[in-house]
Amino acid sequence: MNDEKKTALITGASAGIGKSFAEVFYKNGFNLVLTARRTERLEALKEALLELSPDQKIDVISADLSDVDAPKQIFNFCRERNIHIDALVNNAGYGNPESFEEISWSTHAAFLQVMVAAVTELIHLFLPAMTENQYGRIINVASLAPYIPPADRGGLYSPVKIYQIKLSQGIHFEYMDQGIFCTAVCPGLTRSEFHIAANMPDVANTPNFLWMTSETVAEQGYKAVMSGKSLIINGWLNRFFALISKSIPMRVTKRIGKYLTDKRLN
Ligand SMILES: NC(=O)c1ccc[n+]([C@@H]2O[C@H](COP(=O)([O-])OP(=O)(O)OC[C@H]3O[C@@H](n4cnc5c(N)ncnc54)[C@H](OP(=O)(O)O)[C@@H]3O)[C@@H](O)[C@H]2O)c1
């Protein structure tokens, strides 16, 4: 029954932008493989989506992407069930807004595993079957952060997001002729659980016009990858911030970075 349907694998589907991506891909007829640590949330999302359209198939796998074995476990889970992944959304992520030195090495290492190694390995594992099929859609949910002044205590957040952007563009240009599009989706402030998880609850009080919804970010990301764009910065205001940040001198950038850090906006 489901054979001709395409399947999207979405990491971090238990909340925020990942949950919205699950909804968008599902509405566009994809079967889903959902992963995150909080399985009960994934099961609740599965139930809600199946009520909308019971003909589509949804599988759920619990995985902690800071575990080095997690990407392989997700890949094996799909292989054992004969699930071909047509679309991969590397969305799972979090912030570590502390001083570089105060963050323990094990915390840095776990962050790099989730944001760099797992993202890269998942693409490496699923890409061969995509190239064989001459169809693939890959989204890496990066951020506006690398385009705007760096926060004083931003940890490794901007560096890993730059990596995700460059990785997306590299994969896109190498494989686009084989029907594989890879897009870096770069949201600015987006309503989700991100700032609560990062212990930055006050950020929620910043003016509403600075914010986008996770639904809009996911809709725009879906359209971008389907139309073969390698990069999208979500929203005209964020694109404007990215543009003006290019022409700001370093000393002003540093002051803005400090201001943003004090306000916990970055
Ligand atoms: N919100 C923003 O303002 C914003 C702006 C720019 C970019 N982003 C990016 O958007 C992406 C999604 O963030 P969000 O805003 O939707 O945040 P969120 O609401 O906190 O959701 C984060 C998701 O990542 C998953 N996750 C975190 N650590 C994980 C781990 N070790 N293993 C597996 N899954 C893990 C969480 O699932 P479990 O906890 O259930 O495992 C959750 O589903 C991130 O990459 C973030 O950097 C967010």
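Below: a short report on this structure. Here the structure is a predicted model, which means the values were calculated and not measured.

**Thoughts on a nonpolar patch on the surface**
So, point 1. On the surface, a cluster of nonpolar side chains totalling about 350 Å² of accessible area is made up of Trp-236, Phe-240 and Ile-244.
So, point 2. Within the secondary structure, Ile-244 is located in helix H8 (residues 236-246).

**Quick look at the site of the ligand**
So, point 1. By nearness alone, 31 residues border the ligand, and Ser-14, Arg-37, Arg-38, Tyr-157 and Ser-192 come closest of all.
So, point 2. Between the ligand and Leu-65, the relevant distance is 2.9 Å, taken from a nitrogen atom to a main-chain nitrogen or oxygen of the residue.
So, point 3. Tallied by class, the residues present in the shell around the ligand amount to 15 nonpolar, 11 polar and five charged.

**Thoughts on the nonpolar core**
So, point 1. Within the largest apolar cluster, 36 residues are counted, with the highest numbers of intra-cluster contacts made by Val-33, Ile-74, Ile-85, Phe-126, Met-130 and Ile-138.
So, point 2. Sorting the residues of this core by element identifies helix H3 (70-80), helix H4 (105-133), helix H5 (157-175) and strand S6 (180-186) as the ones contributing at least two each.
So, point 3. Top contributing element to this core by residue count: H4, with 12 residues.
So, point 4. In terms of nonpolar packing, the next biggest core, distinct from the first, is built from 32 residues, Ala-8, Ala-13, Phe-30 and Leu-34 among them.

**Observations regarding the sheet that holds S6**
So, point 1. A sheet is described by the order of its strands in space; here seven strands give the open sequence S3-S2-S1-S4-S5-S6-S9, paired in parallel fashion. Among the strands making up the open sheet, the edge pair consists of strand S3 (58-62) and strand S9 (231-233). This sheet shows a mean twist of 15° between the axes of neighbouring strands, independent of strand direction.
So, point 2. Two elements, strand S2 (residues 31-36) and S3, share five bridges in a ladder whose sense is parallel. Each residue of the ladder has a partner; that of Leu-34, found in S3, is Val-60.
So, point 3. The strands that helix H2 (residues 39-52) touches are S2 and S3; relative to S3, the one it contacts most, it runs at about 175°.

Cut-offs and rules
- Residues numbered from 1 in each chain as written.
- Predicted model: local features only at pLDDT ≥ 70, side-chain atom pairs only at ≥ 80, totals over all residues.
- Heavy atoms only, no water.
- Patch = residues over 30% accessible without salt bridge, like charges linked within 9 Å, V, L, I, M, F, W, Y side chains within 5 Å.
- Areas by Shrake-Rupley, 256 points an atom, 1.4 Å probe, with all protein chains shown as cover.
- Salt bridge = Lys/Arg side-chain N within 4 Å of Asp/Glu carboxyl O.
- Helix = DSSP H or I, 4+ residues; strand = E, 2+ residues; numbered from the N terminus.
- Near = heavy atom within 4 Å.
- Polar contact = N/O pair within 3.5 Å; in protein donor to acceptor, adjacent residues only side chain to side chain.
- Nonpolar A, V, L, I, M, F, W, Y, C, P; charged D, E, K, R; others polar.
- Core = buried A, V, L, I, M, F, W, Y, C linked by side-chain atoms within 4.5 Å.
- Buried < 20%, exposed > 50% of the residue type's maximum accessible area, 1.4 Å probe, protein only.
- Pairing = 2+ DSSP bridges.
- Axes fitted to C-alpha atoms, helices over the stretch in contact; angles between N-to-C directions.
- Contact = heavy atoms within 4.5 Å.

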